[in-house]
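Residues per chain are reported as follows:
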Amino acid sequence: MSLTNRILVSMVAGILIGSLLNLLLHSSGMSDTFRMIVNDYVINGALDLVGRIFIASLKLLVVPLVLVSLICGSSSLGDSARMGPIAVKTLGFYLATTAIAVSLALGIAVLIGPGSNVELTSDAVFNAAEAPPLIDVLVAMFPSNPFNALAEGKMLQIIVFALLFGYAISHAGEAGRRIASFFRDMEVIVMKMVGIMMDLAPYGVFALLAKLFSEMGISAILDLATYFFTVLAVLLVHALVVYPMLLKSFAGLSPLIMMNKMRSVWAFAFSTASSGATLPITLRTVERKMGVHNSVAGFTVPLGATINMDGTAIMQGVATVFIAQVYGVDLSLSAFITVILTATLASIGTAAVPGVGLITLAMVLEQAGLPVEGIGLIIGVDRLLDMVRTAVNVTGDATVSVIVGKSENQFDEQVWLNPNADLEPDMDEAIEQEMPTA
Ligand code: ASP
């Protein structure tokens, strides 16, 4: 079985076994000893252990990968004067797709009216954090100490440092060429580590999902069914209609090929609910399976994982309408525009880890003049939606990367058309195979 299929099978198995454990734990026929064994040794023992090690090993790749890929990318572009236009185009696409995503969410939510028949019943409390002033956010992008940025995994600071470093390499003559070749070798090695991690993914994905579903109260979904399915519907429309249309019209490429190549990235995003932890897989897929050259992908993918969260913006759009309806507040046209703007900005400020979209939702609600406590109403179903919206978030990053890569001629159509791309032996393995044995 191919690796992608093994990951998908383990995903389904994880969901089924987790749900089964959940049923068993809640059925009255089970003894306390059985519950104790399942809870302590299976769910919080083996599954927790494997799941947490899996997430940690994915995260360990993020900083080295983003650093070396961006340095390679920017050093190869540095003297071609394309860096500026690529950055502008990428930012433009990221902001535009997010604005489309919130608008779509607001439109569909107003049509469906997910909160019109909901009684205020939740007593969950939510304490909103203050949003930092914009100027501080901008200043915080610039590292005063790059080693500190690397150690703390501050993605935007790492991006700024790596771009500057790569640009300097491309202007530093012979010394620059030597260092560039070092980073190119490093990239091959870090990508190899990503490949090794992917081979282990079926176990990690299984453990994460089995644990999550064994603990998840499905009944919360029934109470909030209209909200839940409205968010889900908009996420699907965005992923299956909006992105394909953009890909077709701006790059003239087949969305079916894209979806086929995204399958394993989706499994990672879904099971980790973190675009940050999925980043190594997204980057590898965009470069090796989709054929976007590292000079573009090395910049667009890490940036997208950090600031482009269309799925999160969709949840925030639907949640705003839902909360307004539950509290009986009529949203004016200016409130809608405020929501579109703040949700687009909130998407930039949302960290690429589980559940943060709910925290930045506080900012959106405040700007729209809605009660922030409303978030308590939707917390119960947020984890499952988080998994799906993270898959949408990473799809947006990959789609924009392909569009920008194609428009900049940093795109290999052979790789894109090859369904087995990335399964081919690496260069060094090919060389080893060709060497005559002694
Ligand atoms: N979990 C999301 C992500 O990492 C962010 C969020 O919406 O909470 O992409």
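Calculation rules
Residues numbered from 1 in each chain as written. Predicted model: local features only at pLDDT ≥ 70, side-chain atom pairs only at ≥ 80, totals over all residues. Heavy atoms only, no water. Near = heavy atom within 4 Å. Polar contact = N/O pair within 3.5 Å; in protein donor to acceptor, adjacent residues only side chain to side chain. Areas by Shrake-Rupley, 256 points an atom, 1.4 Å probe, with all protein chains shown as cover. Helix = DSSP H or I, 4+ residues; strand = E, 2+ residues; numbered from the N terminus. Salt bridge = Lys/Arg side-chain N within 4 Å of Asp/Glu carboxyl O. Buried < 20%, exposed > 50% of the residue type's maximum accessible area, 1.4 Å probe, protein only. Core = buried A, V, L, I, M, F, W, Y, C linked by side-chain atoms within 4.5 Å. Contact = heavy atoms within 4.5 Å. Patch = residues over 30% accessible without salt bridge, like charges linked within 9 Å, V, L, I, M, F, W, Y side chains within 5 Å. 1 Å grid on protein atoms, 1.4 Å probe; cavity = no way out; pocket = protein on both sides within 12 Å on 5 of 7 lines; lining within 4 Å. Points joined across faces, edges and corners; volume = space filled by probe spheres on them. Nonpolar A, V, L, I, M, F, W, Y, C, P; charged D, E, K, R; others polar. pLDDT = per-residue confidence, 0-100. Expected span 1.5 Å × (residues − 1). Bend = angle between axes of the 7 residues up to and from the residue. Axes fitted to C-alpha atoms, helices over the stretch in contact; angles between N-to-C directions. Parallel < 35°, antiparallel > 145°, perpendicular 65-115°, else oblique. Left-handed = near helix turned anticlockwise from the far one by under 90°.

1. As for the site of the ligand
Logical step 1: Inspection of the region around the ligand gives 16 residues, with Ser275, Thr312, Gly357, Asp386 and Arg389 positioned closest.
Logical step 2: At 3.2 Å from a nitrogen atom of the ligand is found a main-chain nitrogen or oxygen belonging to valine 353.
Logical step 3: Interatomic distance of 2.7 Å between a backbone N/O atom of glycine 357 and an oxygen atom of the ligand.
Logical step 4: Isolated, the ligand exposes 270 Å² of accessible area, and the fraction of that covered by the protein chains is 100%.
Logical step 5: When residues of the shell around the ligand are traced back to their parent elements, those giving at least two are helix H15 (356–367) and helix H17 (382–407).
Logical step 6: Top element by residues in the shell around the ligand is H17. It accounts for four residues.

2. Concerning the pattern of salt bridges
Logical step 1: Tallied over the full model, the rule gives 11 salt bridges.
Logical step 2: In this structure, arginine 52 and aspartate 48 form a salt bridge, with 2.9 Å as the shortest nitrogen-oxygen distance. With arginine 52 and aspartate 48 both in helix H2 (residues 32–77) and four residues apart, this pair spans about one turn of that helix.
Logical step 3: Classification of arginine 52 as exposed rests on a relative accessible area of 58%.
Logical step 4: On the basis of relative accessible area, aspartate 48 is assigned to the buried category, the value being 15%.
Logical step 5: Close ionic contact of glutamate 174 with arginine 177 constitutes a salt bridge, the shortest N to O distance being 3.4 Å. With glutamate 174 and arginine 177 both in helix H7 (residues 173–215), this residue pair falls three residues apart, about one helical turn.
Logical step 6: For glutamate 174, a relative accessible area of 47% puts it in the partly exposed group.

3. What about the environment of threonine 338?
Logical step 1: Position of threonine 338 relative to the elements: it lies in helix H14 (residues 333–349).
Logical step 2: When its relative accessible area of 24% is taken as the criterion, threonine 338 is described as partly exposed.
Logical step 3: C-alpha separation for the pair threonine 338 and leucine 365, spaced 27 residues apart in sequence, amounts to 9.7 Å.

4. Some points on the nonpolar core
Logical step 1: Membership of the largest hydrophobic core comes to 123 residues, with the highest contact counts inside it found for Tyr227, Leu361 and Val402.
Logical step 2: The biggest single contributor to this core is H2, with 14 residues.
Logical step 3: When sequence neighbours within four positions are dropped, the list of residues in contact with tyrosine 227 reads Pro114, Met315, Val318, Ala319, Phe322, Ile378, Val381 and Leu385.
Logical step 4: Judged by nonpolar contacts, the second largest core, of seven residues, contains Leu21, Leu25, Ile43 and Leu47.

5. Describing unusual backbone geometry
Logical step 1: In this structure, alanine 273 is a non-glycine residue whose phi angle is positive, near 50°.
Logical step 2: Alanine 273 gets classed as buried once you look at its relative accessible area, which sits at 1%.
Logical step 3: Look at asparagine 409: it is not a glycine, yet its phi comes out positive at around 60°.
Logical step 4: Secondary-structure assignment places asparagine 409 in the loop between H17 and helix H18 (413–417).

6. Observations concerning a nonpolar patch on the surface
Logical step 1: Judged by side-chain polarity, Leu49, Val50, Ile53, Ile196, Leu200 and Tyr203 come together as a nonpolar surface patch covering roughly 610 Å² of accessible area.
Logical step 2: Broken down by secondary-structure element, the contributors of at least two residues to the nonpolar patch are H2 and H7.
Logical step 3: With respect to the helices, strands and loops of the structure, valine 50 is situated in helix H2.

7. Describing the layout of surface pockets
Logical step 1: Considering only enclosed or pocket space, the largest pocket measures out at about 1,400 Å³ in volume.
Logical step 2: Surrounding the largest pocket, 46 residues form its lining, Val137, Leu156, Ile348, Gly349 and Thr350 being those nearest its centre.
Logical step 3: Of all the secondary-structure elements, those providing two or more residues to the lining of the largest pocket are H2, helix H3 (83–112), helix H4 (134–139), helix H6 (155–170), helix H11 (275–289), helix H12 (294–307), H14 and H15.
Logical step 4: By residue class, the composition of the lining of the largest pocket is 33 nonpolar, 10 polar and three charged.

8. A few points about the confidence of the model for the chain
Logical step 1: For the chain, per-residue confidence averages 89 on the pLDDT scale, and residues scoring 70 or more make up 92% of the total.
Logical step 2: Confidence drops under pLDDT 50 across residues 425–438; counting only partners more than four residues distant or on other chains, this segment forms four contacts.

9. Some words on helix H9 (residues 225–251)
Logical step 1: Over its 27 residues, H9 runs 37 Å from end to end, which matches the ideal 39 Å to within 8%, given 1.5 Å per residue.
Logical step 2: Within H9, the axis deviates most sharply at histidine 238, by approximately 30°.
Logical step 3: Where H9 ends, the next residue or the one after it, glycine 252, has phi of about 65°, a positive value.

10. With respect to the packing of H6 against H12
Logical step 1: Between H6 and H12, the shortest axis-to-axis distance is 10 Å and the interhelical angle comes to 160°. One element, H6, and the other, H12, form an angle in the roughly antiparallel class. Judged by the sense of rotation from one axis to the other, the crossing of H6 with H12 is left-handed. In this structure, H6 uses Met155, Leu156, Ile159 and Leu163 to contact H12, whose residues at the interface are Phe299, Pro302, Leu303, Thr306 and Ile307.
Logical step 2: Residue composition of the contact of H6 with H12, grouped by class: eight nonpolar, one polar and no charged.

11. Focus: the environment of glycine 84
Logical step 1: Relative to the helices and strands, glycine 84 resides in helix H3.
Logical step 2: A sequence separation of 317 residues divides glycine 84 from serine 401, and the C-alpha atoms of the two residues are 15 Å apart.

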